[in-house]
Amino acid sequence: MFIDDKRRALTRALVGGLLGVAVLIPLGGLFNDIVSGGLISMGIHTPFRLVSADLTLRLGSAPLAFAVQLALYFLLGAVVGVSTLPFAGDGPTLVLRSLAHFALTAGALTLTCTLLGWAWSWQAMAVYLVLLAAVYLLIWLGRWVGWYAEVSAIREKLGLPPGPSPLKWRETLPYLPFALLLCLALPMALRLLDAADVPVLSGLLYPYLLLPVGGFFSGLSLGKRQGLCLLYPVLCALCALVFIPLARLVSNMADWPLLPIAAGFSLAGVLAGAALRRIRN
Amino acid sequence: MKVDIRIDPGCAGPTVTITAPALTDEVKALAARLEGGAALIGWDGDTAVPLSEADILRCYGEEKGVKVQTIGAVYDLRERLYELEARLDRHTFVRISHSEIVNLRKVTALDLSLTGTIRIALTGGTVCYVSRRYVKKIKETLDL
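Conventions we followed
- Residues numbered from 1 in each chain as written.
- Chains lettered and ligands numbered in written order.
- Predicted model: local features only at pLDDT ≥ 70, side-chain atom pairs only at ≥ 80, totals over all residues.
- Heavy atoms only, no water.
- Helix = DSSP H or I, 4+ residues; strand = E, 2+ residues; numbered from the N terminus.
- Phe/Tyr/Trp six-rings, centres within 6.5 Å; stacked < 30°, edge-to-face > 60°.
- Buried < 20%, exposed > 50% of the residue type's maximum accessible area, 1.4 Å probe, protein only.
- Lys NZ or Arg CZ within 6 Å of the ring centre and 35° of its normal.
- Axes fitted to C-alpha atoms, helices over the stretch in contact; angles between N-to-C directions.
- Parallel < 35°, antiparallel > 145°, perpendicular 65-115°, else oblique.
- Left-handed = near helix turned anticlockwise from the far one by under 90°.
- Contact = heavy atoms within 4.5 Å.
- Nonpolar A, V, L, I, M, F, W, Y, C, P; charged D, E, K, R; others polar.
- Patch = residues over 30% accessible without salt bridge, like charges linked within 9 Å, V, L, I, M, F, W, Y side chains within 5 Å.
- Areas by Shrake-Rupley, 256 points an atom, 1.4 Å probe, with all protein chains shown as cover.
- Salt bridge = Lys/Arg side-chain N within 4 Å of Asp/Glu carboxyl O.
- Core = buried A, V, L, I, M, F, W, Y, C linked by side-chain atoms within 4.5 Å.
- Domains from an automatic or database assignment.
- Pairing = 2+ DSSP bridges.

Here we look at unusual backbone geometry
Thought 1: The phi angle at A:Leu167 is positive, at roughly 55°, despite the residue not being glycine.
Thought 2: With respect to the helices, strands and loops of the structure, A:Leu167 is situated in the loop between α5 (122–157) and α6 (169–172).
Thought 3: In this model, B:Glu63 sits at a positive phi of 50°, which is unusual for a non-glycine residue.
Thought 4: Among the structural elements, B:Glu63 can be located in the loop between β3 (56–62) and β4 (65–70).

Here you go:
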């Protein structure tokens, strides 16, 4: 499914699974205590809990729970082992296979955390998955930077003009003032001008009209000029992230929804603009 | 250029060693001419068209055959890609995928996508894609 060389994939899965068991027995033992018996659930605390208390309760038998736990450790190790092989050279195949592997790893992690009681709430599970996604993104970014360096060296050797900056940060820079204005200065100004009892400007007008429209069309403009600039939605989200604690100084409104609105609409704009540019070219 | 000929009855066949103070374009072209042998012949139906390496943009496999593209036209070739790879100047022509060899002197642009796909634009607007497996070969050709 992910790898063309199935034999190598099977070997890596096997080795990964065994290593997973070897590594997760001690780590899992410590974690089992923290979440199932110690710090989180305020139960009986032991320095090391070999078998998950949650799983033992679920299955009604400690040896059976241990066997299932080892199987889960093996599964986690196996999916990590498979990830050490290249999924594909490049292109859409690489993206699809990477996404499929992420889905599989997320599934294995969710199953493990749920059965072993390592996720005491859906929020905790969401944090684990966000961390997993962050690891995948970091690995992808690391690979991409390597590819970028290779292509830059080849360009230079062939005497070609230098290409776009990494992740098009230089091309995105002129839009920084607008992002600061839209996602930081404007909401702050509106919040200060708003009435204390009915914040129409910052509670209705801004999140439902100004931010989405401004985010989308600024992203569209950047996408049409420079193509896919994924740093811009990140920039908008960061500006919104700075605004949220500052706004707490003047009001008690829940501003967290501004984060996905700022990132989402600017991303949609960039994607639309990049698509239009591609069609035009 | 000074040419020395040494006759050695003991050697298996003629070999040529070029001694030069530096690897210049002239030296590369000389080596290519000595390695390449006969000129490349493109076919337009039954008409044979001699082709100079300087005019070739790329050679590629298509419909169980091999074609060569110049700025003005596309011709059929009788050679296989691996034969062309050995025959063409290896400092100028490089294999970029299972079915394509390009002339590096005709590259006008190089773009990298987020998925790692490298897109090459050649003179005249032709676009081709580099397989990641062949990036190492391009780097070796360019001494990177």
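Thoughts on the packing of aromatic side chains
Thought 1: Under the counting rule described, the total for this entry stands at 6 aromatic pairs over all chains.
Thought 2: Aromatic side chains A:Phe102 and A:Tyr136 sit 5.0 Å apart centroid to centroid with 75° between the ring planes, which places their arrangement in the edge-to-face category. One end of the pair, A:Phe102, is in helix α4 (residues 91–116); the other, A:Tyr136, is in helix α5, and 34 residues separate them in sequence.
Thought 3: A:Tyr136 gets classed as partly exposed once you look at its relative accessible area, which sits at 22%.
Thought 4: Directly above the aromatic system of B:Tyr60 lies the positively charged group of B:Arg58, at a separation of 4.0 Å from the ring centroid.

Some thoughts on the packing of helix α3 (residues 62–82) of chain A against α4(A)
All names here are of chain A.
Thought 1: Two elements in contact, α3 and α4, have axes separated by 10 Å at closest approach and are oriented at 160°. By the angle between their directions, the pair α3 and α4 is classed as roughly antiparallel. Crossing of α3 over α4 shows left-handed handedness. From α3, Gln69, Leu72, Tyr73, Leu75, Leu76, Val79 and Val82 reach across to α4, where they touch His101, Leu104, Thr105, Ala108, Leu109, Leu111, Thr112, Leu115 and Leu116.
Thought 2: Broken down by class, the residue content of the contact of α3 with α4 amounts to 12 nonpolar, 4 polar and no charged.

Looking at a nonpolar patch on the surface
Residue and element names in this part refer to chain A.
Thought 1: Taken together, the side chains of Leu14, Val15, Leu18, Leu19 and Phe74 define a hydrophobic patch exposed on the protein surface, amounting to about 470 Å² of accessible area.
Thought 2: Ranked by residue count, the leading element in the nonpolar patch is helix α1 (residues 6–37), at 4 residues.
Thought 3: Assignment of secondary structure puts Phe74 in helix α3.

Section: the nonpolar core
Thought 1: Counting 23 residues, the largest nonpolar core has B:Ile96 and B:Ile120 as the members making the most contacts within it.
Thought 2: Top contributing element to this core by residue count: α5(A), with 5 residues.
Thought 3: Beyond its immediate sequence surroundings of up to four residues, B:Ile120 is in contact with B:Ile96, B:Val107, B:Ala109, B:Leu110, B:Thr126, B:Val127, B:Cys128 and B:Val130.
Thought 4: Membership of the second largest hydrophobic core comes to 21 residues, among which are A:Cys183, A:Met188, A:Leu190 and A:Leu222.

Here we look at the domain arrangement of chain A
Thought 1: Here chain A is described as being made up of domain 1 (6–155) and domain 2 (166–280).
Thought 2: Inter-centroid distance (C-alpha atoms) of domain 1 of chain A to domain 2 of chain A is 34 Å.

Examining the environment of B:Val74
Residues and elements named next belong to chain B.
Thought 1: Structurally, Val74 is set in strand β5 (residues 74–77).
Thought 2: C-alpha of Val74 to C-alpha of Arg133: the two residues are 59 residues apart in sequence and 27 Å apart in space.
Thought 3: Not counting the four nearest positions on each side in its chain, Val74 is found in contact with Tyr60, Lys67, Val68 and Gln69.

Describing the side chain of B:Lys67
Residues and elements named next belong to chain B.
Thought 1: The topology assignment puts Lys67 in strand β4.
Thought 2: Exposure remark for Lys67: the relative accessible area of 17% places this residue in the buried category.
Thought 3: Residue contacts for Lys67: discarding those within four places in its chain leaves Arg58, Cys59, Tyr60, Glu62, Val74, Tyr75, Asp76 and Leu77.

What about the packing of helix α7 (residues 176–193) of chain A against helix α8 (residues 200–226) of chain A?
Residue and element names in this part refer to chain A.
Thought 1: Two elements in contact, α7 and α8, have axes separated by 11 Å at closest approach and are oriented at 170°. Considering their axes alone, α7 and α8 lie roughly antiparallel with respect to each other. Two packed elements cross with a definite hand, and for α7 against α8 that hand is right-handed. Facing α7, whose interface residues are Phe178, Leu182, Cys183, Leu186, Pro187, Leu190, Arg191 and Leu193, α8 presents Leu201, Ser202, Tyr206, Leu210, Leu211, Gly214, Gly215 and Ser218.
Thought 2: Across the contact of α7 with α8, the residue classes break down as 11 nonpolar, 4 polar and 1 charged.

Thoughts on the environment of B:Lys139
Thought 1: Of note, B:Lys139 is situated in helix α3 (residues 135–141).
Thought 2: Measuring from C-alpha to C-alpha, the distance between B:Lys139 and B:Arg6 comes to 36 Å, with 133 residues separating the pair along the chain.
Thought 3: Not counting the four nearest positions on each side in its chain, B:Lys139 is found in contact with A:Glu150, A:Ile154 and B:Leu144.

A word on the environment of A:Ala106
Residue and element names in this part refer to chain A.
Thought 1: Counting through the fold element by element, Ala106 comes out in helix α4.
Thought 2: By relative accessible area, Ala106 is classed as buried at 12%.
Thought 3: Separated by 40 residues in the primary sequence, Ala106 and Gly146 place their C-alpha atoms 26 Å from one another.
Thought 4: With sequence-adjacent residues up to four places away left out, Ala106 is seen in contact with Leu129 and Leu132.

What to know about the sheet that holds strand β10 (residues 127–130) of chain B
Thought 1: Read from one edge of the open sheet, 3 strands run β8-β9-β10 (chain B), paired in antiparallel fashion. Every interior strand has two partners, whereas the edge strands, β8 (107–112) and β10 of chain B, have only one. The mean inter-strand angle of the sheet, taken between neighbouring strand axes irrespective of direction, is 25°.
Thought 2: As defined by bridge partners, β8(B) adjoins strand β9 (residues 118–122) of chain B across 5 bridges and the pair is classed as antiparallel. Paired with B:Val107 across the strands is B:Leu122, a residue of β9(B).
Thought 3: Of the strands in this sheet, β8 and β9 of chain B touch α5(A), which is tilted by about 170° from β8(B).

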